[in-house]
Amino acid sequence: MFCPRSTPMPTYHIEMIEGRTVEQKKKLVEEITRVSVEVLGGTPEMVDILITDVKRENWATGGRLWSERS
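First, a word on what this report is: a plain description of the structure on this page. The residue count restarts for each chain, going from 1 along the sequence in the order it is written. Given that this is a predicted model, residues contribute local features only at a pLDDT of at least 70 and side-chain atom pairs are listed and counted only at 80 or more, while totals for whole chains, interfaces and linings are drawn from all residues. Heavy atoms from the whole structure form the basis of all side-chain values; hydrogens and water molecules are not counted.

1. Quick look at helix H1 (residues 22-40)
The helix and strand labels rest on DSSP assignments: H or I over at least four residues marks a helix, E over at least two residues marks a strand, and numbering proceeds from the N terminus. Residue count minus one, scaled by 1.5 Å, sets the expected span of a helix. Taking 1.5 Å per residue, 19 residues should reach 27 Å; H1 reaches 26 Å between its end C-alpha atoms and fits that length. Every buried residue of H1 is accounted for by Lys-25, Ile-32, Thr-33, Ser-36 and Val-37. Buried residues of H1, seen end-on, are gathered within an arc of 125° and therefore sit on one face of the element. Among the exposed residues of H1, those pointing more than 90 degrees away from its buried face are Glu-23 and Val-39. The contact definition used throughout considers only heavy atoms, calling two residues in contact when any of these lie within 4.5 Å. Considering only its buried residues, H1 is in contact with strand S1 (11-17) and strand S2 (48-54). Exposure classes here rest on a 1.4 Å probe applied to the protein chains alone. A residue is buried below 20% of its type maximum, exposed above 50%, and partly exposed in between. The arc refers to the directions leading from the helix axis to the C-beta atoms.

Laid out in structure tokens, this is it:
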């Protein structure tokens with residue numbers, strides 16, 4: 001695939017409730033990187049991924065904190 005040097009590759013920002021293992025995060029970033037290179041071109045070194053673990057008490061859906069869910 002063609003990806004000129006001047007074409008910036010993506011930076012992904014992923015926010016998720018804490019609790020995933022390092023192994024799960026490793027697999028996630030490997031797959032996101034693989035698909036990005038497959039679809040957009042470039043090299044794996046051009047893909048940046050930032051993962052933010054969010055405490056359940058700092059995330060709400062439908063008016064309820066995740067820390068209040070069973």
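2. Some remarks on the side chain of Thr-33
For Thr-33, the position within the fold is in helix H1. Setting aside anything within four residues of it in sequence, one finds Thr-33 in contact with Pro-44, Val-47 and Ile-49.

3. Brief notes about the side chain of Lys-25
Within the secondary structure, Lys-25 sits in helix H1. A residue is classified by how much of its surface remains accessible, and Lys-25, at 19% relative accessible area, is buried.

Keep in mind these numbers describe shape, not what the thing actually does.
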